[in-house]
Amino acid sequence: MIVARAEPGGDPREPVLEAAFVCVARFGFAKTTMEDVAREAGLSRATVYRVFPGGRDELFSAMVAWEMARFFVRMAIAVRDAADFPAVVEGALVFAHREIREHAALQKVLATEPERLLRFMRLEQDRILDAVVAYLRPMLGAEAAGGRVVPGLDLDEATRYVATMGLSLMATPGRFDLEDPAVVRTLVRREILGGILAEPALDLG
Amino acid sequence: MAVTLDVDPTPAPDVAARAVAATLACIARTGLAKLTVDDVAREAGTSRATIYRAFPSKQALVAAAVAAEADRIGAEIAEAGAEAVDLDDLVARVVLAGTRALTGCAALRFVAEHEADLLYPHLEFAGGDRLYAALGRRFAPLFTGRCADSQRTAEWVARFARSLNMAPVPLVDPTDADAVRRVVVTYVTPGIAVPGSVPASLRPEEAR
């Protein structure tokens, strides 16, 4: 399960991260100062530095990681009622596409400071991939137990294929219009799950 | 300094070709940020003015160098794919040749290792979309007649190759031919095979 870093009550980083997010969405990375963040959080500059002694770079990196974790928590919530494994993957792609398009802060820094944003995002790659794999693996296991997966498949590896290609599509859909449910359905059941789903189990047409 | 350059050293290569080769050599040595036209001129054994007559700016020089490398890599991949016996073999050859060509490009390797910030805007989000579209167009002819939609397939294979080469934890070692063939046959080709293999269940109106 993907777990939010935001623990209610405890984490002293939380209000600072939240404030940094608001400031970066407003000013971008380059123009956001530790003073801006402190003011936005209603904290002293000293407090902000106590939580993030490394200054802006440490804070921004942590903020991107924090927002990415929140993104995947929202995704997990969005797909939790999906009927089966293919529906989970479809739901995740549709959700990610809409979230990314409508994510004002992401779109702003992507347009003005892509190098910096992508550097911070790259630092989270491993963790995100691991989290998505951990989330999907039991679902694929259930699918396999129901006889809907190609027999003999290495389910750990198959899950990593799905997660890797899925994450690739979220940031960079390429030719695929992820707003079109029919396109997403075909993409998921053809390119992503074509070698994983046991076709007869679809029992349609 | 070892620089892989398959530009044929013809007896008297023209200024443009020499400048492009020199640019790649300089990038492989010191990267994009520190690249100067002076360095390129010195490397090419010519003058700044001569370089500027062929290329109006450093940007133009870099663009020409990128295009030349893309041509070389594209040709290597196409050549490897031309000998494929079937779709499995074709996809595996393309992925392996792509990996070889990319790792053989010293300039790209330097930028990826030391100047990744300059590279990633061309690989993610809108930049990645443009890259995949270009790769889809470039390699579609290789897949014509072997699958349902050759450009779509070429783009997917490019995406898979990129994931193998740049994912934090690649599915398998992209230089291990047997392992690459196995994952291609298991996961990639079943998803891109001929139209008949796409189940009728894909029709949206028959959604469960």
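Not measured: the values here are computed from a predicted model.

In terms of helices and strands, chain A carries nine helices and zero strands. For chain A, the α and β elements follow one another from N to C terminus as α-α-α-α-α-α-α-α-α. Overall, the C-alpha framework of chain A stretches about 65 × 35 × 25 Å when taken along its three principal axes. Counting over 205 residues, chain A shows a buried share of 53%.

Taken together, the 44 residues of chain A in the interface contact 44 residues of chain B. With both chains or domains summed, chain A and chain B bury close to 4,200 Å², and 58% of this area falls on carbon and sulfur atoms. Where chain A packs against chain B, one counts six salt bridges. Note that Asp149(B) and Arg175(A) form a salt bridge whose closest N and O atoms lie 3.5 Å from each other. For the pair chain A and chain B, the interface holds 16 residue pairs in polar contact (both at pLDDT 80 or more). For the side of chain A that touches chain B, the secondary structure elements donating two or more residues are α6 (104–112), α7 (114–145), α8 (155–171) and α9 (181–192) of chain A. Among the residues forming the side of chain A that touches chain B, the class breakdown is 21 nonpolar, nine polar and 14 charged.

Under the defined criterion, the tally for this structure stands at 30 salt bridges over all chains. Between Glu124(A) and Arg127(A) there is a salt bridge whose closest N-O contact spans 2.8 Å. Taken together, the residues span about one helical turn, with Glu124(A) and Arg127(A) both in helix α7 at a distance of three residues. Using a relative accessible area of 6% as the deciding quantity, one classes Glu124(A) as buried. Across the pair Glu124(B) and Arg162(B) runs a salt bridge, and its minimum N-O distance is 3.2 Å. You can see Glu124(B) sitting in the loop between α7 (116–119) and α8 (125–143) and its partner Arg162(B) sitting in helix α9 (residues 150–166), a full 38 residues away along the chain. Neither residue differs from the other here; Glu124(B) and Arg162(B) are each classed as buried. A single salt-bridge network, built from bridges that share partners, covers Glu18(A), Glu67(A), Arg70(A), Arg74(A) and Glu99(A).

With that settled, consider the side chain of Asp36(A). Residue and element names in this part refer to chain A. For Asp 36, the location among the structural elements is in helix α2 (residues 34–41). Take Asp 36: its relative accessible area is 14%, and that puts it in the buried class. In terms of polar contacts, Asp 36 uses its side chain to reach the backbone amide nitrogen of Thr 33, at 2.9 Å. Sequence-distant contacts of Asp 36, defined by excluding residues within four places in its chain, comprise Cys 23, Phe 27 and Lys 31.

In a soluble, globular protein the nonpolar side chains are often hidden away together inside. Counting 126 residues, the largest nonpolar core has Ile192(A), Ile196(A), Phe143(B), Trp156(B) and Phe160(B) as the members making the most contacts within it. For Phe160(B), the residues in contact, after removing those within four places along its chain, are Tyr161(A), Met165(A), Val95(B), Leu171(B), Val183(B), Val184(B) and Val188(B).

Looking now at unusual backbone geometry. Residues other than glycine seldom take positive phi values, yet Phe125(B) does so here, at roughly 50°. Structurally, Phe125(B) is set in helix α8.

About the thresholds
- Residues numbered from 1 in each chain as written.
- Chains lettered and ligands numbered in written order.
- Predicted model: local features only at pLDDT ≥ 70, side-chain atom pairs only at ≥ 80, totals over all residues.
- Heavy atoms only, no water.
- Helix = DSSP H or I, 4+ residues; strand = E, 2+ residues; numbered from the N terminus.
- Buried < 20%, exposed > 50% of the residue type's maximum accessible area, 1.4 Å probe, protein only.
- Contact = heavy atoms within 4.5 Å.
- Buried area = accessible area lost by both parts, 1.4 Å probe.
- Salt bridge = Lys/Arg side-chain N within 4 Å of Asp/Glu carboxyl O.
- Polar contact = N/O pair within 3.5 Å; in protein donor to acceptor, adjacent residues only side chain to side chain.
- Nonpolar A, V, L, I, M, F, W, Y, C, P; charged D, E, K, R; others polar.
- Core = buried A, V, L, I, M, F, W, Y, C linked by side-chain atoms within 4.5 Å.

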